[in-house]
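Listed below, chain by chain, are the residues.
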Amino acid sequence: MTQNDGELDSLVRKRIRALRVAQGWSLEELATRANVSQSTLSRIENGQRRLALDQLVTLARALDTSLDQLVENASDDVITSPMIDAAHGMMRWPVKGDPGMSVVRQRMTEPPPDNPSRMRAHPGREWLVVLSGTAILMLGHRRFRVETNQAAEFPTMLPHAIGAEGGPCEILGIFDRDARRGHQRDGGSKGVGDDFEPGGPCS
């Protein structure tokens, strides 16, 4: 076993214990849920028993996580720098845990469009938080005011658009895979004051 393998082995054991403690479970309770003996679980956590794949799968399921998450090595690329799209006043970060997700920061100065034809609809879900200022979210026939530090989550199959009210606002948006694809398809037709644009040059 290499040094890196040994470090990962130790990390997995610590992760099992940390997840158990976070759930408020005793060794006995997790052992019962995972259908292993309490002594076996104790030796796994303490490094006195070899980690077997079948037991890791069972423990991951009992801890309500996946095997990939249980054994992933998260020591690299903890800090991610944004990609900047100065033309649209946006920064974008990839979400490593789910490559289909996008995080976009955008400064908006224009109100949302008055013309409903400029609102868009596409599969997926979006989540946004207003970092500063006041944003207006148009969602179907409804109009929502989203203040600083407030958040909104909405299904994107409803026609929607986002803009500023009473001056510039900054928004952080998160898009799932389907929502991002919808923006990428429509990116070329977007106007100022419409919804986010993760499908622009910064994607």
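Whatever comes next refers back to the structure up there.
Residues numbered from 1 in each chain as written. Predicted model: local features only at pLDDT ≥ 70, side-chain atom pairs only at ≥ 80, totals over all residues. Heavy atoms only, no water.

## Some thoughts on the nonpolar core
Grouped burial of nonpolar side chains is what soluble globular proteins tend to show. Val12, Ile16, Leu30, Leu41, Leu56, Leu59 and Leu70 are the most contacted members of the largest nonpolar core, which totals 15 residues. Every element with two or more residues in this core is listed here: helix 1 (3-22), helix 2 (27-34), helix 3 (38-46) and helix 4 (53-62). In terms of residue count, helix 4 provides more of this core than any other element does, 4 residues in total. Residue contacts for leucine 56: discarding those within four places in its chain leaves Val12, Ile16, Leu51, Leu67, Leu70 and Val71. Membership of the second largest hydrophobic core comes to 13 residues, among which are Ala135, Leu139, Val146 and Ala152. (Core = buried A, V, L, I, M, F, W, Y, C linked by side-chain atoms within 4.5 Å. Buried < 20%, exposed > 50% of the residue type's maximum accessible area, 1.4 Å probe, protein only. Helix = DSSP H or I, 4+ residues; strand = E, 2+ residues; numbered from the N terminus. Contact = heavy atoms within 4.5 Å.)

## Examining the environment of tryptophan 127
Note that tryptophan 127 resides in strand 4 (residues 125-132). A relative accessible area of 32% means that tryptophan 127 is categorised as partly exposed. Tryptophan 127 sits 29 residues away from threonine 156 along the chain, and the two C-alpha atoms are 10.0 Å apart. In this structure tryptophan 127 touches Ala151, Ala152, Glu153, Leu172, Gly173 and Ile174, once residues within four positions along its chain are discounted.

## Comments concerning the environment of leucine 158
With respect to the helices and strands, leucine 158 occurs in the loop between strand 7 (151-155) and strand 8 (160-164). Sequence separation between leucine 158 and proline 123 is 35 residues, and the spatial gap between their C-alpha atoms is 9.0 Å. For leucine 158, the contacting residues outside a window of four places in its chain are Arg120, Ala121 and Leu139.

## A few points about the packing of helix 2 against helix 4
Here helix 2 crosses helix 4 at 110 degrees, and the two axes come no closer than 9 Å. Classified by the angle between their axes, helix 2 and helix 4 sit roughly perpendicular to one another. Taken as a pair, helix 2 and helix 4 cross one another with a handedness that is right-handed. Taking contact as the criterion, the partners of Leu30, Arg33 and Ala34 in helix 2 are, on helix 4, Thr58, Leu59 and Ala62. Taken together, the residues of the contact of helix 2 with helix 4 sort by class into 4 nonpolar, 1 polar and 1 charged. (Axes fitted to C-alpha atoms, helices over the stretch in contact; angles between N-to-C directions. Parallel < 35°, antiparallel > 145°, perpendicular 65-115°, else oblique. Left-handed = near helix turned anticlockwise from the far one by under 90°. Nonpolar A, V, L, I, M, F, W, Y, C, P; charged D, E, K, R; others polar.)

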